[in-house]
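# Structural characterization, general
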Amino acid sequence: MKGITQLQAGEPVNQFLLIKQAIKGVTTVGKPFMTLILQDKSGDIEAKLWDTNEEHEKIYQPEVIVHIGGEIHDYRGKNQLRIKQIRVAKADEGIQINDLLPSSTTPKEELFEELTQFFFEIKNPSISRITRYLIKKHQPELIVFPAASKNHHDYASGLLDHVVSMLRLGKTICDLYPSLNRDLIYAGIILHDVGKVKELTGPIATSYTVEGNLLGHISIMVDEIGQAAKELGIEGEEVVVLKHIVLSHHGKEEWGSPKKPMIQEAEILHYIDNIDAKMNMLTRALSKTKPGEFTERLFALDNRSFYKPTFE
């Protein structure tokens, strides 16, 4: 059976899906409805449930498995699921949440092993100790958490997948530009998004925690670096610079960075992060697109559609 994101407009849907998000809404004429984000291992899709009531809101909650009958249709250049029938899955139907949870294609154990190899490349003792300390502290969450609730690496072990992919890119860039400080590039990559283990709820029906909404992963991680340095008895410029790299990795204030990059490693880390996030979105969108056709509109890429050439 095709995954929900691999179906084309006009194709029927008759399968189990996991509710990732359930959002209440009201139409322009005052009628209640729900927006459901539904997922299986291939990814997620938006669906509308019309003429809803309080009973629907209680039943159709995140982390609930449902069986859907309907069809895919095109809504403003993006696939949407039109629901015709919906019901909660029965216990005896043998479907589990893990059967519907997207995850990294590389096993998390392999990804973590690759990440740990980069510890040996970090020579500065202060930077090395802080990095190792924080990864050990958050290892259980780091290996299973997504990197986001939507858009890029938004699947189980997506955070680890993102970090390892960035490390590979960072290694190549450091080979090309020897003036870059590898310790800062590698440590910055490893730590920049670890705050997401507190910002997000986890790999199932991912949403934002109270701490995530009020502080965000950048502020959370800067605080964690400060606490780690204090507990390890580490002082000096390395701590300030490491904090700056995390603070500035979104690049611009309007993209959520409290500071713009002000050292070369922070500037490069921002580009590495951006490249990997966008390539993840493009790879996934193009994998669902036939040669000679355009992808659906990608909100995080200026709502553009991308063409897939017919030649190789």
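Residues numbered from 1 in each chain as written. Predicted model: local features only at pLDDT ≥ 70, side-chain atom pairs only at ≥ 80, totals over all residues. Heavy atoms only, no water.

## Let's talk about the sheet that holds strand 3 (residues 43-49)
Taken in spatial order, the five strands line up as 1-2-3-5-4 and close into a barrel, and their pairing is mixed. Strand after strand, the sheet turns through a mean of 50° between neighbouring axes, direction not considered. As paired strands, strand 1 (residues 12-26) and strand 2 (residues 32-40) are joined by eight bridges and run antiparallel to one another. Note on strand 2: the bridge partner recorded for Gln 21 is Ile 37. (Pairing = 2+ DSSP bridges. Helix = DSSP H or I, 4+ residues; strand = E, 2+ residues; numbered from the N terminus. Axes fitted to C-alpha atoms, helices over the stretch in contact; angles between N-to-C directions.)

## Observations regarding the packing of helix 4 (residues 158-176) against helix 10 (residues 264-287)
It is the contact of helix 4 with helix 10, at a shortest axis distance of 10 Å, that shows an interaxial angle of 125°. Regarding the angle of helix 4 to helix 10, the classification is oblique. You can see that helix 4 and helix 10 cross each other, and the crossing is right-handed. Between helix 4 and helix 10, the residues in contact are His 162, Ser 165, Met 166, Leu 169, Gly 170 and Ile 173 and Ile 268, Leu 269, Ile 272, Asp 273, Ile 275, Asp 276 and Ala 277, respectively. (Parallel < 35°, antiparallel > 145°, perpendicular 65-115°, else oblique. Left-handed = near helix turned anticlockwise from the far one by under 90°. Contact = heavy atoms within 4.5 Å.)

## Topic: the packing of aromatic side chains
Taken as a whole and judged by the stated rule, the model has three aromatic pairs. Seen from their ring centres, Phe 118 and Tyr 186 are 5.0 Å apart, and the 85° between their planes marks the pair as edge-to-face. Note that Phe 118 is positioned in the loop between helix 2 (108-117) and helix 3 (125-142) and Tyr 186 in helix 5 (residues 182-191), a separation of 68 residues in sequence. Accessibility assignment for this pair places Phe 118 and Tyr 186 in one class, buried. Summarising the aromatic geometry, the rings of Phe 294 and Tyr 307 are spaced 5.1 Å apart at their centres and angled 55° between planes, so their arrangement reads as tilted. Here Tyr 307 lies in the segment after helix 10 and Phe 294 lies in the segment after helix 10, a separation of 13 residues in the sequence. Residue class for Phe 294 comes out exposed when judged on its relative accessible area of 54%. The ring of Phe 120 carries the charged tip of Arg 132 above its face, separated from the ring centre by 5.5 Å. (Phe/Tyr/Trp six-rings, centres within 6.5 Å; stacked < 30°, edge-to-face > 60°. Buried < 20%, exposed > 50% of the residue type's maximum accessible area, 1.4 Å probe, protein only. Lys NZ or Arg CZ within 6 Å of the ring centre and 35° of its normal.)

Such coordinate-based values are descriptive only and should not be taken to indicate function.
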